[in-house]
Amino acid sequence: MAQQKLTIQDFYRMKAEGQKITWITSYDFPTAQFAEAAGLDMILVGDSLGMCVYGYESTVPVTMGQCILHSEAVRRGAPRTFVVGDMPFLSYQTSTPEAVYNAGRFLKEARVDAVKLEGGVRVAAQIRAIVEAGILVIGHIGLTPQSSGLLGGHKAQGRTAEAARVVVEDARAVAEAGAQMLLVEAVPPEVTGFIARDLSLPVLSIGAGPDCDGQLLIVSDLIGQFQAFRPKFVRRYCNVAEMVTKALGDYCADVRAGRFPAEEHCYRMLPGEQEKFQALMKK
Ligand code: KIV
């Protein structure tokens, strides 16, 4: 039987029942198909596509146009999975009307189920406005890559008591503004655990430990495709870079040695046609 797409109510029920929510990023049609076939609960079309797909040094250059295009492809690949569009840098920071408009574009053009945006207290007004427009919002606090300059780089957050208090304040601001889920990135498990118990909404972790309602990983890290660096919190489940590089090398070797293409890769002429062809060519 085709799987049923989960709703926000399902995620609240899973939290209540202690059933972990599974989430990965995906940026393209085939990977979205694999994710749906594997039974992932959610897919994030993350602005990490800037680094994982386009080779940028950060997520900052990523545009709304790119996010919409990749979200459309993912939606086509995973029609029965809860898909989240990630709001790129400058698509929501400048004003609440712009934030609502851009969040709405994800729904209208890419038919995603929710949007995610980075920040706590400082984006509470935008979250409230987007939710009031009828759009599901997932907050993202802790390490927020779009503002990593302000944070002094891609560093874990909330590692002192005072810094942890700031992360908790952000979590509460996101929840009070009406977000329906929360992603916590690169924060100690003690702090994430406190937030997950403190708030009624489902709290998910990327690099923020197991003591919460689910986990997110970037697919390019999980499958060993992204090569530039590997964050401490990543577990690699296969090494696609090694597999693909080997396959391409084997292909080159076969072509150079005349082993490819072989007989089974050729379209032979229909019976009797070769003789006719030769006769035709002799004229
Ligand atoms: O874009 C993304 O993949 C993200 C994760 C880093 C959480 O926002």
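Higher on the page you've got the structure.
Presented here is an overview of the structure given in this document. Predicted model only: the values in this text are computed from it and were never measured.

Notes on the side chain of Ser 205
Thought 1: Position of Ser 205 relative to the elements: it lies in strand β7 (residues 203–206).
Thought 2: Residue Ser 205 is classed as buried on the basis of its relative accessible area of 0%.
Thought 3: Within polar-contact distance, the side chain of Ser 205 engages the backbone oxygen of Gly 209 at 3.1 Å.
Thought 4: Side-chain polar atoms of Ser 205 contact the side chain of Gln 215, separated by 3.2 Å.
Thought 5: Not counting the four nearest positions on each side in its chain, Ser 205 is found in contact with Leu 183, Val 184, Cys 212, Gly 214, Gln 215 and Leu 216.

Some points on the site of the ligand
Thought 1: Around the ligand sit Thr 25, Leu 44, Gly 46, Asp 47, Ser 48, Asp 86, Lys 116, His 140, Leu 183, Glu 185, Leu 216 and Ile 218, and those are all the residues in its vicinity.
Thought 2: Within the contact set of the ligand, an oxygen atom lies 2.5 Å away from a side-chain nitrogen or oxygen of Ser 48.
Thought 3: Between the ligand and Lys 116 there is a distance of 2.9 Å, counted from an oxygen atom to a side-chain nitrogen or oxygen.
Thought 4: Considered on its own, the ligand offers 260 Å² of accessible surface; in the complex 96% of this is hidden by protein.
Thought 5: Looking at side-chain class alone, the shell around the ligand contains four nonpolar, four polar and four charged residues.

Some points on the packing of helix α2 (residues 29–38) against helix α4 (residues 64–77)
Thought 1: Between α2 and α4, the shortest axis-to-axis distance is 7 Å and the interhelical angle comes to 40°. Relative to α4, α2 is oriented oblique. The two elements α2 and α4 meet at a crossing, and its hand is right-handed. Across from Phe 29, Ala 32 and Gln 33 in α2, the residues of α4 making contact are Ala 73, Val 74, Arg 76 and Gly 77.
Thought 2: Tallied by class, residues from the contact of α2 with α4 come to four nonpolar, two polar and one charged.

Quick look at the packing of aromatic side chains
Thought 1: For the structure shown, the criterion picks out four aromatic pairs.
Thought 2: Aromatic pair Phe 226 and Phe 229: ring centres 5.3 Å apart, planes at 90°, arrangement edge-to-face.
Thought 3: On the basis of an interplanar angle of 65° and a centroid distance of 6.0 Å, the ring pair of Tyr 251 and Phe 260 is categorised as edge-to-face.
Thought 4: When its relative accessible area of 47% is taken as the criterion, Tyr 251 is described as partly exposed.
Thought 5: Assessed through its relative accessible area of 34%, Phe 260 is described here as partly exposed.

Thoughts on the nonpolar core
Thought 1: Formed by 71 residues in total, the largest nonpolar core has its most connected members in Phe 11, Trp 23, Met 42, Ile 130, Leu 182 and Ile 195.
Thought 2: When neighbours within four sequence positions are excluded, Phe 11 is seen to be in contact with Leu 6, Ile 21, Asp 41, Met 42, Phe 82, Met 181 and Pro 202.

Regarding the sheet that holds strand β5 (residues 137–142)
Thought 1: Reading around the circumference, β1-β2-β3-β4-β5-β6-β7-β8 is the order of the eight strands in this closed barrel, with parallel pairing throughout. Across the sheet, the mean angle separating the axes of adjacent strands is 25° when strand polarity is ignored.
Thought 2: In this structure, strand β6 (residues 181–185) lies alongside β7, joined through four bridges in parallel fashion. Each residue of the ladder has a partner; that of Leu 183, found in β7, is Leu 204.
Thought 3: Against the sheet, helix α8 (residues 189–198) engages β5, β6 and β7, with an angle of about 160° to β7.

Rules and cut-offs
- Per chain, residue numbering runs from 1 following the sequence as it is written.
- Selection of residues for local features in this predicted model requires a pLDDT of at least 70, selection of side-chain atom pairs for listing and counting requires 80 or more, and totals for whole chains, interfaces and linings are taken over all residues.
- Side-chain measures were taken over the full set of non-hydrogen atoms in the model, leaving aside hydrogen atoms and water.
- Strands here mean DSSP runs of E at least two residues long; helices mean DSSP runs of H or I at least four residues long; both are numbered from the N terminus.
- Remark: exposure states derive from per-residue accessible area (1.4 Å probe, protein chains only) relative to the maximum for the residue type, with buried under 20%, exposed over 50%, and partly exposed in between.
- Any pair of N or O atoms that falls within 3.5 Å is considered a polar contact. Within protein, one atom must be able to donate a hydrogen and the other to accept it, and sequence-neighbouring residues count only if both atoms are side-chain atoms.
- We call two residues in contact whenever any of their non-hydrogen atoms come within 4.5 Å of each other.
- Proximity is defined per residue: any heavy atom of the residue falling within 4 Å of a molecule or strand makes that residue near it.
- Only the protein chains shown count as cover for residues, with accessible areas throughout obtained via the Shrake-Rupley method and a probe of 1.4 Å.
- Ten residue types, Ala, Val, Leu, Ile, Met, Phe, Trp, Tyr, Cys and Pro, are classed as nonpolar, four, Asp, Glu, Lys and Arg, as charged, and the remainder, Gly among them, as polar.
- With axes taken as lines fitted to C-alpha atoms, and helix axes fitted only over the stretch in contact, angles between N-to-C directions fall between 0 and 180 degrees.
- Roughly parallel here means an angle under 35 degrees, roughly antiparallel means over 145, roughly perpendicular means 65 to 115, and every remaining angle is called oblique.
- Note on convention: the crossing is left-handed when the near helix lies turned anticlockwise from the far helix by less than a right angle, right-handed when the turn is clockwise.
- Here is the rule: rings of Phe, Tyr and Trp (six-membered ring for Trp) pair when centre to centre is within 6.5 Å. Planes less than 30 degrees apart are stacked, more than 60 are edge-to-face, and the remainder are tilted.
- Throughout, nonpolar core names a set of buried Ala, Val, Leu, Ile, Met, Phe, Trp, Tyr and Cys residues whose side chains join them through atoms within 4.5 Å.
- We treat two strands as partners when DSSP finds at least two bridges between them.

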